[in-house]
Amino acid sequence: MKNVYLANFSMTINPGEHKFLPYSVAGLWTYAEQDEQVKNNYQLAGIYYDKVDHDKILDELDNPFLFGFSVYIWNENYTNILAQKIKERWPECMIIYGGPQVPQDPKNKWWNGHEYVDVVVFQEGEEIFKNILKNPDKKWIAEQINTAVNFGTHWSSTVSDNKRATRQRDLSKLPSPYLSGAMGKPKKHHAMLFETNRGCPYACTFCDWGGLTYSKLVNHDINRLEAEIEYAGKNKIGFLYSVDANFGILKDRDNSIADMIIATKKKYGYPKTFFANWAKNANEDILKIAKKMYDAELIKSFIMSLQTLTPLAIELIKRDNMDSNDYEYFAKRCSEMGLPFDCELIIGNPGETLDSWKDTYLEITKYDSLSTYLYPLALLPNAEISTTESREQFGFKTVRKPFPGVLNENTPEEIELVVETNWLTESDMREIWEWTWTTRTGHEFNFLRDAADYLSRQEIATKKQFYDDWYKFVVNSDGITKKHFNKAKGRIDNYVFGLASQSLGYKENISDHRDKFYAEVKTFLQQYEIDEWLLDELLRYCDARLFNHNIEYPHTQTFDYDFIHDVKRETTIEFTPTLRGAASTTAQMLLDGSDKISENFKAKVTMTCTLNDPKIIL
């Protein structure tokens with residue numbers, strides 16, 4: 001029996017130490033072993049997903065005949081190191097690469113630096129992987145659609161122009177790798193990838209889903225899915241992560257799947273949380289699915305993949321045919337339903353300017369309970385926007401920087417980030433991130449939200465003017481806010497944009513020094529025409545509205561001004577935490593899905609920057 005090894009190395013998501021189970025490669029083997037020829041000649045000798053020391057894995061291998069790797073942005077460098085070491089020790093071992101990180105463009109420089117890889121498989125891999133095991137001859141493999149073979153002196157590539165022609169149309173042929181036992185006993189704090197269908201009807205240019213985008217959906221059998229959900233519950237899987245491109249797009253079917261997950265959590269207490277890429281053309285039916293999953297405490301919010309509100313940018317990234325662009329309707333409807341509503345946004349899209357980004361951000365964050373997920377524009381190998389033609393058309397200048405998701409791991413990974421476009425200079429790009437950091441502090445993270453809203457209502461300063469002024473004040477100040485801003489600025493200057501927006505540290509740097517922070521804010525607000533007594537009341541109100549984990553709630557305060565109705569009168573207000581807002585993130589869902597984090601820690605992280613609901617009681 002020849003030994004086959006497979007790997008899809010996960011990043012470690014902290015806090016919680018979650019790792020994604022190797023669904024893709026386990027699925028390859030589960031499908032292949034159905035074939036009698038494969039079953040009689042090969043055995044799965046090992047499957048890896050934990051990034052341990054490379055030599056530890058090498059010492060565990062026993063005369064490997066074939067080692068297949070699924071490669072993505074969070075494991076590319078780690079995988080390359082291991083693959084090289086394997087080839088050095090066992091030169092005859094066939095190294096196969098698949099996954100989104102292997103470029104289909106034959107002009108990409110990737111092909112000149114991977115001499116230790118024997119075969120590359122593009123798109124869905126189940127059928128070709130099985131056939132390679134049945135006939136591992138390189139000349140034969142080179143003739144198969146969607147493969148590339150390394151003959152030493154050159155690569156022979158047969159990337160199909162009609163990628164959809166090679167798709168697996170009948171997913172019932174694919175056994176579940178979870179139910180087959182290929183992955184062994186999972187740990188309950190690990191994340192289970194969950195695929196209910198394949199395909200995507202959209203063609204967003206920044207997406208790297210490759211041949212499964214802009215294509216018809218095909219579904220897994222509903223009975224298989226029900227069994228997998230039961231598997232998650234029985235095995236105490238904390239975090240169920242849907243890899244569907246558009247969960248909710250199949251209204252009745254996805255509604256039934258949501259019911260199954262809810263029922264399983266009620267039965268076993270697991271899965272604790274569920275992540276979904278919600279359908280881009282969101283509608284009332286999808287919101288209802290999200291609402292019942294929110295009520296079951298499986299999700300923290302409805303996350304809309306919006307990216308931008310700028311018309312030209314929406315057109316250039318090919319999202320102008322989506323209902324999600326009617327952002328305001330969904331924000332208001334979620335508010336009526338009591339469903340927190342969050343948005344994913346990309347900074348640096350082609351067609352975006354400094355001014356248009358400010359308008360987008362301030363429009364989106366006008367709702368109290370909303371959070372944003374901010375991502376820099378990244379060029380992924382198989383995304384349309386990363387092609388030579390797009391780079392030239394949009395005037396992209398890029399840098400390669402550490403991928404934020406693996407910064408604490410021994411092997412660093414990289415991502416290609418856009419730092420300049422035809423619409424944004426490098427200086428503009430830095431200013432966008434700096435301005436967004438300061439504005440986010442004030443508005444989305446709620447430290448100045450009520451001050452900005454009051455000045456806007458009174459027509460003293462528009463929100464854009466207010467936050468432009470706040471940005472200038474922070475940049476030119478020398479206090480606690482500037483000290484924290486400088487940390488973000490250092491990362492921005494080094495183009496580590498994602499880390500600059502995510503590593504906020506508000507609790508340690510601002511929330512725990514509220515007196516000093518609001519003293520600085522008072523100095524800032526004195527430039528506007530506000531009476532001194534009213535300014536003091538406004539600052540007290542801002543502070544009272546911001547959650548304080550050192551206060552017992554509900555909490556009551558009396559003010560000389562009614563900021564809810566903008567009337568000068570003594571008003572007593574009771575404040576109650578919403579536990580919504582800027583902390584409603586995927587990371588928070590991971591926290592809730594883990595048994596390794598104390599409940600006290602979870603609570604403090606969740607509530608650091610959320611708003612308190614005010615209610616006039618006198």
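The structure contained in this document is the topic of the report that follows. (Residues numbered from 1 in each chain as written. Predicted model: local features only at pLDDT ≥ 70, side-chain atom pairs only at ≥ 80, totals over all residues. Heavy atoms only, no water.)

## Quick word on the environment of P103
- Along the chain, P103 falls in the loop between β4 (94–98) and β5 (119–121).
- On the basis of relative accessible area, P103 is assigned to the buried category, the value being 1%.
- When the C-alpha atoms of P103 and F122 are compared, they prove to be 8.7 Å apart, with 19 residues separating the residues in sequence. (Helix = DSSP H or I, 4+ residues; strand = E, 2+ residues; numbered from the N terminus. Buried < 20%, exposed > 50% of the residue type's maximum accessible area, 1.4 Å probe, protein only.)

## Side note on the state of the cysteines
- In total, this model carries 0 disulfides according to the counting rule given.
- With no disulfide partner, C207 has as its closest neighbouring cysteine sulfur the one in C200, 6.4 Å distant. (Disulfide = S-S within 2.5 Å.)

## Details of the packing of aromatic side chains
- The full count for this structure, using the stated rule, is 51 aromatic pairs.
- Ring geometry for Y454 versus F563: centroids 5.7 Å apart, planes at 80 degrees, classification edge-to-face. Of this pair, Y454 sits in helix α15 (residues 449–457) while F563 sits in the loop between β18 (555–559) and β19 (571–577); the two residues are 109 residues apart in sequence, bridging distant segments of the chain.
- Among the residues examined, F563 registers a relative accessible area of 4% and is labelled buried.
- Aromatic side chains W470 and F517 sit 6.3 Å apart centroid to centroid with 85 degrees between the ring planes, which places their arrangement in the edge-to-face category. Of this pair, W470 sits in helix α16 (residues 463–476) while F517 sits in helix α20 (residues 514–525); the two residues are 47 residues apart in sequence, bridging distant segments of the chain.
- Given a relative accessible area of 1%, W470 falls into the buried group.
- On the basis of relative accessible area, F517 is assigned to the buried category, the value being 1%.
- Clustering of aromatic rings is evident, with ring pairs tying together Y5, Y48, F67, F69, Y97, W110, W111, F122 and W155.
- Its end group placed over the ring of F65, K2 keeps NZ or CZ at 4.6 Å from the ring centre. (Phe/Tyr/Trp six-rings, centres within 6.5 Å; stacked < 30°, edge-to-face > 60°. Lys NZ or Arg CZ within 6 Å of the ring centre and 35° of its normal.)

## A few points about the nonpolar core
- Counting residues in each nonpolar core, the largest one holds 138 residues, and the members touching the most others are F274, W278, M293, F302, F341, F466 and L525.
- Residue contributions to this core peak at 7 residues, all from helix α21 (residues 532–545).
- Setting aside chain neighbours within four positions, we find F302 in contact with W278, A282, I286, L287, A290, C334, L339, P340, F341 and D342. (Core = buried A, V, L, I, M, F, W, Y, C linked by side-chain atoms within 4.5 Å. Contact = heavy atoms within 4.5 Å.)

## A word on unusual backbone geometry
- The omega torsion across Y270 and P271 is -5 degrees, close enough to zero to call that bond cis.
- In this structure, P271 sits in the loop between α8 (251–268) and β12 (273–275).
- That bond from Y553 to P554 is cis: its omega, 0 degrees, falls within 30 degrees of zero.
- Structurally, P554 is set in the loop between α21 and β18.
- Here Q123, not a glycine, exhibits a phi torsion of approximately 65 degrees, which is positive.
- Following the sequence through the fold, Q123 ends up in the loop between β5 and α5 (126–134).
- According to the relative accessible area criterion, Q123 is partly exposed, its value standing at 24%.

## Notes on the sheet that holds strand β13 (residues 302–307)
- Pairing is parallel in the open sheet, where 3 strands are placed in the order β13-β14-β15. At either margin of the open sheet sits one strand with a lone partner, and together these are β13 and β15 (372–376). In this sheet, neighbouring strand axes are inclined to one another by 20 degrees on average, regardless of whether the strands run parallel or antiparallel.
- Summarising the sheet, strand β14 (residues 341–347) and β15 pair through 5 bridges and their orientation is parallel. The partner of I347 across the bridge, within β15, is P376.
- Taken strand by strand, helix α12 (residues 354–364) contacts β13, β14 and β15, and its axis lies near 170 degrees from that of β14.
- Against the sheet, helix α14 (residues 426–444) touches β14 and β15, its axis set at about 170 degrees to β15. (Pairing = 2+ DSSP bridges. Axes fitted to C-alpha atoms, helices over the stretch in contact; angles between N-to-C directions.)

## Some remarks on the sheet that holds strand β2 (residues 42–48)
- Taken together, 7 strands build an open sheet; the order of strands is β2-β1-β3-β4-β5-β6-β7 and the sheet is mixed. Of all the strands in the sheet, just β2 and β7 (155–157) have a single pairing partner and so form its edges. Pairwise comparison of adjacent strand axes, ignoring direction, gives a mean angle of 20 degrees for this sheet.
- Judged from the 5 bridges that link them, strand β3 (residues 64–70) and β4 form a sheet pairing that is parallel. Counted as the bridge partner of F69 is Y97 from β4.
- Across the sheet, helix α1 (residues 23–32) is in contact with β1 (2–7), β2 and β3; its angle to β2 comes to roughly 175 degrees.

These values are about where atoms sit, not about what they do.
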